[in-house]
Amino acid sequence: MVRFESGRLCLDLLATGAYEGEQLCGAAQLDQWLLDAGLLPCAAPRAAARDDWPGRFVELRRCVGALVHAELGARVDGAPAALDRVNALAAVPPPGVRAVRGPDGRLARAPEGAPECGALLAAIARDALDLLTDPTARTLLRQCEGDSCRLLYLDTSRGRRRRWCSSEACGNRERVARHRRRVAAL
């Protein structure tokens, strides 16, 4: 199950590895994630990802994860190498886009040419660098307090007291567990 609740593209990429099982295990899954994440507009060719692409996105996910967890105070071996890799990926120009008329006559985004892996990786790497170099955004970075959840998100709630990646998912599980403990204690 792919979730887009983090508030940042780079954190959404991290979410693809936060649960049991790899969510980017093949070109079709990566292609769907790129479309769902908005990196490939609906007008983009559907079979954009090639067989070697998922491994490159998983590598970027590992590097971004190391940097974000280090920012949250964890001791992460390899963080300097991860930063070098993310910087290198961010140096590539991001994908070009243009506006085209959709079937309904409204303007829609379309890629300028066939999407390239390096350009798509660059968009995510740049988002990670933007997040990690923005002092305000860094203060909003949180890890979900759900028992079995490892998702990271930006806490943009009023009062900055958000505890879970999703109130409907992890928050609801926590409230149900709390209720069951109260009932069992009676």
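Here the structure is shown first, and the text comes after it.
Within any chain, residue numbers begin from 1 and follow the written order of that chain's sequence. In keeping with the model being predicted, local features are shown solely for residues with a pLDDT of at least 70 and side-chain atom pairs are shown and tallied solely at 80 or more, while totals for entire chains, interfaces and linings include all residues. Values shown for side chains rest on all heavy atoms present in the structure; no hydrogens or waters enter the calculation.

(A) Just the nonpolar core, in detail. In this text, buried Ala, Val, Leu, Ile, Met, Phe, Trp, Tyr and Cys residues form a nonpolar core when linked through side-chain atoms within 4.5 Å. A simple rule labels every residue: compare its accessible area, found with a 1.4 Å probe on the protein chains alone, to the largest value its type can have, and call it buried under 20%, exposed over 50%, or partly exposed in between. Core analysis: the biggest nonpolar cluster contains 38 residues, and Leu 11, Trp 33, Phe 57, Leu 60 and Ile 124 have the highest contact counts within it. Strands are runs of DSSP state E lasting at least 2 residues, helices are runs of H or I lasting at least 4, and numbering of each runs from the N terminus. For this core, the secondary structure elements donating two or more residues are helix H1 (9-15), helix H2 (27-36), helix H3 (53-71), helix H4 (79-90), helix H5 (117-133) and strand E4 (152-154). If one sorts the elements of this core by residue count, H5 sits on top with 10 residues. Filtering out sequence-adjacent residues up to four positions away, Leu 60 remains in contact with Leu 13, Val 86, Leu 89, Leu 121, Ile 124 and Ala 125. By size, the runner-up hydrophobic cluster in this structure holds 6 residues, among which are Cys 144, Cys 149, Tyr 153 and Cys 170. Throughout, a contact is declared for two residues whenever any of their heavy atoms are within 4.5 Å.

(B) Representation of the environment of Leu 89 within the structure. Within the secondary structure layout, Leu 89 lies in helix H4. Among the residues examined, Leu 89 registers a relative accessible area of 7% and is labelled buried. In sequence terms Leu 89 and Gly 118 are 29 residues apart; their C-alpha atoms lie 7.1 Å from each other. The contacts of Leu 89, once residues within four sequence positions are left out, are Leu 60, Leu 121, Ala 122 and Ala 125.

(C) Region of the structure containing the pairing of strand E1 (residues 97-101). Of the strand pairs in this sheet, E1 and strand E2 (residues 107-111) are connected by 5 bridges, and their pairing is antiparallel. By the bridge assignment, Ala 99 is partnered in E2 with Arg 109. Here the rule is simple: two strands pair whenever DSSP picks up at least two bridges between them. Between the end of E1 and the start of E2, which pair antiparallel, lie 5 residues, with Gly 105 showing a positive phi angle near 90°.

(D) Examining H4 more closely. How far a helix is expected to stretch is found by multiplying one less than its residue total by 1.5 Å. Compared with the 16 Å implied by 1.5 Å per residue over 12 residues, the 16 Å span of H4 between its first and last C-alpha is a close match. For H4, the set of buried residues is Ala 79, Ala 82, Val 86, Leu 89 and Ala 90. Along H4, the residues classed as buried sweep out an arc of 95° about the axis, all on the same side. Seen from the buried face of H4, the exposed residues on the opposite side, beyond 90 degrees, are Pro 80 and Asp 84. Buried residues in H4 make contact with H3 and H5. The arc in question is the one spanned by the directions pointing from the helix axis to the C-beta atoms.

(E) Quick look at the side chain of Arg 61. Along the polypeptide, Arg 61 turns up in helix H3. Any N or O atom pair separated by 3.5 Å or less is treated as a polar contact, with the protein-specific requirement of one donor-capable and one acceptor-capable atom, and with residues adjacent in sequence counted only for side-chain atom pairs. Polar side-chain contacts of Arg 61 include one of 2.9 Å to the side chain of Thr 16. In this view, Arg 61 contacts Leu 13, Leu 14, Thr 16, Gly 17, Glu 22 and Leu 24; residues no more than four positions away in its chain are not counted.

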